[in-house]
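# What the coordinates show
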Amino acid sequence: MAELYELDLSSASEGLKAGKFSPEELFDSCWKRAQSCEKNIRAFITETEDFAREQLKNSGKSSSIFDGIPTVLKDNLCTQGIRTTAASKILGNWRPPYDATVWKLLRESGAILMGKVNMDEFAMGNTCGNSAFGATRNPHDISRVPGGSSGGSAAAVAAGYVPFSLGSDTGGSIRQPASYCGIYGLKPTYGMVSRYGLISYGSSLDQIGPFARTVRDLQLVMQLLAQHDPMDSSSFREKNPDFTHNPNVNLKGKRVALVKEFQSFTLDAPISDAMKHVEKILEDEGAIITEVSLPIISKYAVACYYALAMSEAHTNLERYDGVRYGYTVQDAKGIKEMFERVRSYGFGSEVKSRIIAGTCLTEPSRCEEYYVAATKVRTLIAQEFARAFENTDFILQPVTPSLAPKIGEVDEDEMKGYETDLYTLPVNLAGLPGLSFFTGYAGKLPVGLQLIGARWSDPELLNAGVVLERRLGSPKIADGGVE
Amino acid sequence: MSELIFTPVIGIEIHIRLKTDTKIFCSCSTNTDVEPNTHVCPVCMGLPGSLPRLNHQVVEKGMLAGLALNCTVQPKSLFFRKSYFYPDLPKGHQISQCDLPIVAQGFIEVHDANGNLKKIRVNHLHLEEDVGSLHHSASDGRLEGAAISFVDYNRSGMPLAEIVSEPDVSSAKEAVEYVTTLRRRVIYSGASDVELEKGMMRFDANVSMKCSDGRWGRKVEVKNMNSFHALERAIEYEIKRQKKIMLSGGEILQETRHWNDAKGVTTASRVKEFYRKFIVEPDLPPLIIDQAWIDRVTSMMPEMPDVRAKRYVQDYKLPQEVADFLTDVKDLSDYFEACVKAGANPVRAAHWVRTEVLRVMNEKQIRKVADFGISPETLTNLIAKIDGGKLSTTQAKEVFDYMSANNCGIDEAVKACGISEGGVAGNMLEEIIKSVIAANPDVLDEIKSGRDTKGKKLKFLQGLVMKEVKGQAKPQEVSQTLEKILNA
């Protein structure tokens, strides 16, 4: 029989409910797996074995599908009494006095917290190497990055530490690591999952979402998390969406569009091959492949995104001053020196760059030209997407133009960097849902692609994911550098 | 050479604490009579991951205050982040409506130097959060140079309304009338109690001078005035200071000055003005107020003081100055209205409220009419007893004092004062007269003999009776009853 850690969320839950194994046995198997991989992968910032074993004492009391299921959380999600760092020195050993809404929902459903996992500092980065706690490595090839910023969450699921995890996506931070690590990741519609307790980067772009090894598991997590939260004013107020899994869904008559402006972009061969393969599968399933034109997005989305993300980020990071929590200095002469020393030492260089950029973009003499202009462009971008979705149900595109790069490898091709951004950032600007899905392997590296839906189409998007998974197959657990 | 004339051009910014049960962006209590840092939560402490959520009571109070200033409610307003670093500001930015306020374009009427009414335009009122409070060990009570400073975040997130006037104010006197009238109207609206001694109203003034020779002085922002008196003195000082500089041909610097109340001077702010930037608060959606909501809040708007005073003159026939006096303080006016509603004669009730109620409140240092022990209904009953001839005015005042001193009802007070209401009369009076006659047979004989031609003995008996009843009988009834008994 397979090891328990290999089970996905649905199977693990069924096994627990049928009494085939106990929550302790499941946790022990996952924990052992994590321990054996961790020296190679380095996904954890904080391991919470003691907390998990306390939780296990109460397992088996809830009828929830999550009861007794181990998970990990990106370390920008607040956990009461458990260190939460956002991968920054500036938070020190801060232990939040409250739970993020998403963790509260999971905890109350009986999910077991195995640890808080690595990320780029304050979610700023796409390698999971820009962390005060060192770099996490890709479980398929430990010389490569797992992607970021939610690299720890993706690596832990890919390597079989846990069947599912949570991350956050401000400009691709769920979709890109899901793709590099060969699993499924959903960036939900803005407002569908409460952000309360998510340490903010760009508040109007941030969204929490799940990682898993099957689309069905994403559906299970979304069914729990997609509900109104009075603690988040941007949380949706409509009736809860229905994420019920139906293995027999189909795509007959659905329109799937390719973006005209992206067709000239260079893609690594495995990715362009995957695009062609998936198009064929979709047609085979009765879908209609079409084309949409997104001229405004192609031209302005990247600049617009950075202007807004950094403007919001620098105000979100103003609170880290050493007065109330986190890293501080005791011997500063005066408040100004205290602020300067705390922030100079506490923030990493990428975060500092973005704070400086955000400060400049909103500085009174430039604010109209950059920040205010970006807010207007954003409206145009959302309108362009809305028009596109009048003529299509989904947009199919890559998540990135290349597979997971080597750690430390810098792509000198600026144009490629710009194109990379174009695949992920516009989705956040328009608050759309985006699914990063596994298509297969090129050698030992996984290849992922992205399907985008209209706002609030998350259930339909995941249904499409079910069809794709049925045809493309589910990912295997990565070797984690140990086998 | 003709003498130069200087005209002050003054704009006033006022911060008022709105009256709500909970803070503006969280559910912490607004009660301040607690230990430091006890009414706090992740939101008002600005903890990572926390998000603000707008308290709708704050919105309604803001609308009420705005309507009291003759403003128009804006169907869409926005919140912004106003960035600066200071230890009392937990998020490093204040959430404020600064650029797109909830209400705008109102006015307050004041009297100019010639006694004519003039409008001071209110540019807008916007909602924002208060910051924490700092307590410094430095001798001057300021952060710079303090060895230890303490921060209390109980005040952080308290709901504030900032009211910004146009520069229509021309003197310290007008400024004081503007803020006094504004405060009175806001209290009437129910938006705030505006208790000055609790720091619920704070002022900043922008003062500049226009000279008849065409020169304009630059704008100086004067901060840190916490009372009407401080506002008046600070403006007067600043007008004098700027005039002096301009007379000597100097330049007024555009700067922020700090009012030092103890020394009675303004001094250039030592701390450089913070560099502020505004971005839209991404965690709060735009505040949309539809017509139905505006209508509902408008219908909640109580009568304003000037309207009420007019009604007192028309309906109650009170003199204008009495009506103005009563409506100046809302709770006093409410007390008077309650008396009238309970059936009191308005003129007499107005007199009692203005004289006796206020006298006792002053003597006992009672600040709020609500804390005054005698209810409007009781006062109305007391007034009714005077009108019904049951108590003399002197007796009623005695009873009133006793009630307020002892927190008791009318009957108990009347008894304790040794007063029998309406005096001794009827059968009771007859009994007493008979006993007085019985005790003085020789006087009776003398009267009956007809020797008392001048009625001296009769007067003597009357005197004895009055003494016996402690003066609480009507003299006419005494003499009538006495004659009736003697003639029987």
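Bear in mind that the values here come from a model prediction, so they are computed numbers and not experimental data. (Residues numbered from 1 in each chain as written. Chains lettered and ligands numbered in written order. Predicted model: local features only at pLDDT ≥ 70, side-chain atom pairs only at ≥ 80, totals over all residues. Heavy atoms only, no water.)

### Here we look at the overall build of chain A
Definition in use: In this description a helix means any DSSP run of H or I spanning at least four residues, a strand means any run of E spanning at least two, and both kinds are numbered starting from the N terminus. To get the radius of gyration, use the C-alpha atoms; to get the globule rule, take the number of residues to the power 0.38 and multiply by 2.2 Å. For the exposure calls, accessible area comes from a 1.4 Å probe over protein chains only, and a residue counts as buried if that area is under 20% of its type's maximum, exposed if over 50%, partly exposed in between. Note on contacts: a residue pair qualifies if any of its non-hydrogen atoms lie within 4.5 Å across the two residues.
For chain A, the helix and strand inventory stands at 14 helices and 11 strands. In terms of overall size, chain A behaves like a compact globule, its C-alpha atoms giving a radius of gyration of 21 Å where 483 residues would be expected to give roughly 23 Å. Overall size of chain A, expressed as C-alpha extent along the three principal axes, is 70 × 55 × 45 Å. Each of the 483 residues in chain A was classed as buried or not, and the buried ones make up 63%. Considering only intrachain contacts with a sequence separation of at least 6, the fraction spanning at least 24 residues in chain A is 76%.

### A word on the overall build of chain B
Quick reminder of the rule: The convention is simple: Lys and Arg are positive, Asp and Glu are negative, and His and the chain ends are not counted. Charge placement uses NZ in Lys and CZ in Arg. For Asp and Glu, CG and CD serve respectively.
Secondary structure summary: chain B contains 15 helices and 16 strands in total. Taking 2.2 N^0.38 as the reference for a compact globule, 488 residues should give roughly 23 Å; the C-alpha atoms of chain B span a radius of gyration of 32 Å, well beyond that estimate. Across its three principal directions, the C-alpha atoms of chain B cover 110 × 70 × 50 Å. For chain B, the proportion of its 488 residues judged to be buried stands at 51%. Counting only contacts in chain B whose residues sit at least 6 apart along the sequence, the fraction spanning at least 24 positions is 69%. Between the averaged position of the 64 positive side-chain charges in chain B and that of its 66 negative side-chain charges there is a distance of 2 Å.

### As for the domain arrangement of chain B
Frequently, the measure chosen for interface size is the accessible area that the parts lose on association. The cut-off we apply is this: Throughout the structure description, domain borders are defined by an automatic or database domain assignment.
Annotation of chain B at the domain level lists domain 1 (6-292), domain 2 (303-416) and domain 3 (426-487). A separation of 40 Å is found between the C-alpha centroids of domain 2 of chain B and domain 3 of chain B.

### Focus on the interface of chain B and chain A
We count it as follows: Buried surface area refers to the total accessible area, computed with a probe of radius 1.4 Å, that the two partners give up upon joining, counted for both partners together. Think of a salt bridge as a Lys or Arg side-chain nitrogen and an Asp or Glu carboxyl oxygen that are within 4 Å of each other. Pairs of N or O atoms within 3.5 Å make up the polar contacts considered here, provided that, within protein, one atom can donate a hydrogen while the other can accept it, and that residues adjacent in sequence are counted only when both atoms are side-chain atoms.
Listed by partner, the interface residues are 35 residues for chain B and 37 residues for chain A. Approximately 2800 Å² of surface area, both sides summed, lies buried where chain B meets chain A, with 61% of it carried by carbon and sulfur atoms. Its largest share of buried area at the contact with chain A, chain B owes to B:Pro48, B:Leu51 and B:Phe85, together 22% of the area lost on that side. The interface formed by chain B and chain A includes one salt bridge. Residues B:Asp283 and A:Arg195 are paired through a salt bridge, measuring 3.0 Å at the closest nitrogen-oxygen approach. One can count 18 residue pairs in polar contact (both at pLDDT 80 or more) joining chain B with chain A. Counting residues per element, the ones that place at least two in the side of chain B that touches chain A are β4 (80-83) and β15 (278-280) of chain B. The biggest single contributor to the side of chain B that touches chain A is β15(B), with three residues.

### A look at the nonpolar core
Side chains of nonpolar character tend, in soluble globular proteins, to be buried together. Note the threshold: The definition of a nonpolar core used throughout is a set of buried Ala, Val, Leu, Ile, Met, Phe, Trp, Tyr and Cys residues joined through side-chain atoms within 4.5 Å.
One finds A:Phe122, B:Ile14, B:Tyr178 and B:Leu182 to be the most contacted residues of the largest nonpolar core, which totals 139 residues. With 10 residues, the top contributor of residues to this core is helix α9 (residues 295-316) of chain A. When sequence neighbours within four positions are dropped, the list of residues in contact with B:Tyr178 reads B:Ile12, B:Ile14, B:Ile108, B:Val110, B:Ile120, B:Val122, B:Ile163 and B:Ser165. Core analysis: the second largest hydrophobic core is formed by 92 residues, A:Trp31, A:Leu106, A:Leu113 and A:Ala212 among them.

### Description of the side chain of A:Lys116
Residues and elements named next belong to chain A. Here Lys-116 is to be found in strand β3 (residues 112-117). For Lys-116, a relative accessible area of 0% puts it in the buried group. Of the polar contacts made by the side chain of Lys-116, one reaches the side chain of Thr-84; its length is 3.0 Å. Once you skip the residues sitting within four places of it in the chain, Lys-116 turns out to touch Phe-44, Ile-45, Thr-46, Leu-73, Lys-74, Asp-75, Leu-77, Thr-79, Ile-82, Arg-83 and Thr-84.

### Quick notes on the domain arrangement of chain A
All names here are of chain A. Which entries qualify depends on this criterion: Gly is placed with the polar residues, together with every amino acid not listed as nonpolar (Ala, Val, Leu, Ile, Met, Phe, Trp, Tyr, Cys and Pro) or charged (Asp, Glu, Lys and Arg).
Under the domain assignment, chain A is made up of domain 1 (4-255 + 391-472) and domain 2 (297-371). A straight line from the C-alpha centre of domain 1 to that of domain 2 covers 27 Å. Counting each side, the surface lost to burial between domain 1 and domain 2 is near 2300 Å², with a carbon and sulfur contribution of 66%. If you look at where domain 1 meets domain 2, you find zero salt bridges. The interface formed by domain 1 and domain 2 includes 14 residue pairs in polar contact (both at pLDDT 80 or more). Residue classes in the side of domain 1 that touches domain 2 are distributed as 13 nonpolar, 10 polar and three charged.

### Concerning helix α2 (residues 172-189) of chain B
Operational definition: Helix span, expected: 1.5 Å multiplied by one less than the number of residues in the helix.
Here α2(B) spans 26 Å end to end across 18 residues, near enough to the 26 Å set by a 1.5 Å rise per residue. Of the residues trailing α2(B), B:Gly190 is marked for its positive phi of about 85°.

### Structural notes on the side chain of B:Arg185
Its location among the elements puts B:Arg185 in helix α2. Among residues more than four places away in sequence, those in contact with B:Arg185 are B:Ala68, B:Asn70, B:Ile108, B:Met304, B:Pro305 and B:Asp306.

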